Amino acid sequence: MTKKSKVILVTGAAGGIGGACVDLLLHQGKRICAADLKPFHDDDVHEDAHDTLLMQRLDVSDPASCKAVVAATLERFGRLDGLIHMAGIHSDHNWRELEAEEFNKLLSINVTGTFLMAKAAAEAMSKTGGGSIVLTSSGSVNMSGHGGEVSSCPAFVTSKAAVIGLVGALARSFAPLHIRVNAVSPGATDTALMAHYSEEALHRLSQRTLAGRVGSASEIARVASFLVSDAASYVDGQVIAVNGGETFDR
Ligand SMILES: NC(=O)c1ccc[n+]([C@@H]2O[C@H](COP(=O)([O-])OP(=O)(O)OC[C@H]3O[C@@H](n4cnc5c(N)ncnc54)[C@H](O)[C@@H]3O)[C@@H](O)[C@H]2O)c1
């Protein structure tokens, strides 16, 4: 591990896709700040943790918490080169069940939290010549809200549609700072988020992909790690679908 290896902040790092991002980036020799609201499992702790891995508690809906995680990253590693922002919450409630409180919570964490985390990261990256930010949308936005266990989940889909707007707005805002902003848009991916889905729902989600199956967390992580890297230096303001060829009429 050299002082030159890139420093990447991964949010939602105790979750399925965020955890896969941490594993992959550590394997690639990156230095990582892994941040999440929920505690990490014991088996999430890697060797040589002090040089390569910092684990932090984070609430992305709290601006002070976003700034504190970036400050802790700078204190440990001296710089920040990339952000992979996977933190998010889901809502399976349909329009009859959904109330304003839950809708606003989804927007606060998935939308405002995305902005706050990107803003805090960009402040740090701008001081060292730039970087790369990867946000997270969802394939359900392109499926007319046809996602999850139920046929429609308006709060989640709305929040992930808003992330697409943020990608464009932040890519333009941060371009003068040499910071690229892109997003991954996962299709149905096998993580805890889907743990409660019925066999019928999993079958339906699989059948609407060309691949004929749901994705794995590592398949999403590989694309996120590409986007955050210099290999994607000419990719900016894009939302990249990673969904096994998901289409509506299958
Ligand atoms: N799994 C899927 O099928 C799927 C599909 C489309 C999009 N996504 C998106 O991918 C991302 C990762 O999802 P996942 O499947 O790994 O889910 P996950 O639930 O395993 O991970 C999400 C993580 O975000 C963390 N989190 C929640 N609120 C937070 C907050 N306020 N501050 C900080 N961390 C917080 C959770 O503690 C959790 O560890 C999410 O944004 C999700 O919406 C997932």
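Worth saying up front: this structure is predicted, and the values here are computed from it rather than measured.

(A) View of the overall build of the protein. Counting its regular elements, the protein contains seven helices and nine strands. Here the C-alpha atoms of the protein give a radius of gyration of 17 Å, agreeing with the 18 Å that 2.2 N^0.38 yields for 250 residues. Counting only C-alpha atoms and orienting by the principal axes, one finds that the protein spans roughly 50 × 35 × 35 Å. Sequence separation of at least 24 residues holds for 72% of the intrachain contacts in the protein that already meet a minimum separation of 6.

(B) Structural view of the site of the ligand. Taken together, 31 residues are adjacent to the ligand, and G12, G15, A87, G88 and T191 come closest. Listing elements by their share of the shell around the ligand, those giving two or more residues are α1 (16-27) and α4 (100-125). Per element, the largest residue contribution to the shell around the ligand is three residues, and it comes from α1. Here the shell around the ligand is built from residues that sort into 14 nonpolar, 14 polar and three charged.

(C) Structural view of the nonpolar core. Residues L9, V10, C21, A121 and V134 are the most contacted members of the largest nonpolar core, which totals 57 residues. Residue contributions to this core peak at nine residues, all from α4. Leaving out residues up to four positions away in the same chain, C21 has contacts with V10, I84, M86, A221, A224 and S225. The next biggest cluster of nonpolar side chains, apart from the first, holds six residues, and it includes V141, C153, F156 and V157.

(D) Structural view of the sheet that holds strand β1 (residues 7-11). Spatially, β3-β2-β1-β4-β5-β6-β9 is the arrangement adopted by the seven strands of the open sheet, whose pairing is parallel. Of all the strands in the sheet, the pair left with one neighbour each is β3 (53-57) and β9 (239-242). Neighbour-to-neighbour, the strand axes of the sheet open up by a mean angle of 20°, direction not taken into account. Pairing geometry for strand β5 (residues 131-136) and strand β6 (residues 179-186), over six bridges, is parallel. When the bridges of β6 are listed, V134 appears paired with N182. Running over the sheet, helix α5 (residues 154-174) touches β5, β6 and β9 and is turned about 165° from β6.

(E) Region of interest: unusual backbone geometry. Here H178, not a glycine, exhibits a phi torsion of approximately 65°, which is positive. Relative to the elements of secondary structure, H178 occurs in the loop between α5 and β6.

(F) Region of interest: the pairing of β3. Among the five residues of β3, four are classified as buried, and the element is accordingly described as predominantly covered. Looking at chain direction, strand β2 (residues 31-36) and β3 are connected through five bridges and run parallel. Following the sheet pairing, D36 is matched in β3 by R57.

(G) Main features of the pairing of β5. Within β5, six of the six residues are buried, leaving the element largely enclosed by the surrounding structure. The two faces of β5 match: G131, I133 and L135 on one face and S132, V134 and T136 on the other face are all buried. Two elements, strand β4 (residues 82-85) and β5, share three bridges in a ladder whose sense is parallel. Counted as the bridge partner of L83 is I133 from β5. A crossover links β4 with its parallel partner β5, the connecting element being α4, and its sense is right-handed.

(H) Representation of the environment of I8 within the structure. Its location among the elements puts I8 in strand β1. It is 13 Å that separates the C-alpha atoms of I8 and A221, two residues lying 213 residues apart in sequence. If we ignore the near neighbours within four places in the chain, the residues touching I8 are L25, K30, I32, D81, G82, I84 and V228.

(I) Looking closely at the packing of helix α3 (residues 63-77) against α4. Running from N to C, α3 and α4 point in directions that differ by 35°, and their axes come no closer than 9 Å. Note that α3 runs across α4; the crossing there is right-handed. Facing P63, C66, K67, V70 and L74 of α3, the residues of α4 in contact are L116, M117, A120, A121 and A124. Of the residues in the contact of α3 with α4, the class split is nine nonpolar, no polar and one charged.

(J) Structural view of the environment of I32. Mapped onto the elements of the fold, I32 is located in strand β2. In this structure, the C-alpha to C-alpha distance between I32 and V10, residues 22 residues apart in sequence, is 7.1 Å.

What counts as what
- Residues numbered from 1 in each chain as written.
- Predicted model: local features only at pLDDT ≥ 70, side-chain atom pairs only at ≥ 80, totals over all residues.
- Helix = DSSP H or I, 4+ residues; strand = E, 2+ residues; numbered from the N terminus.
- Rg over C-alpha atoms; globule rule 2.2 N^0.38 Å.
- Contact = placed C-beta atoms within 7 Å.
- Near = placed C-beta within 6 Å.
- Nonpolar A, V, L, I, M, F, W, Y, C, P; charged D, E, K, R; others polar.
- Core = buried A, V, L, I, M, F, W, Y, C linked by C-beta atoms within 7 Å.
- Buried ≥ 20, exposed ≤ 12 C-beta atoms within 10 Å, placed from the backbone.
- Pairing = 2+ DSSP bridges.
- Axes fitted to C-alpha atoms, helices over the stretch in contact; angles between N-to-C directions.
- Right-handed = clockwise from strand over helix to strand, strands pointing away.
- Left-handed = near helix turned anticlockwise from the far one by under 90°.

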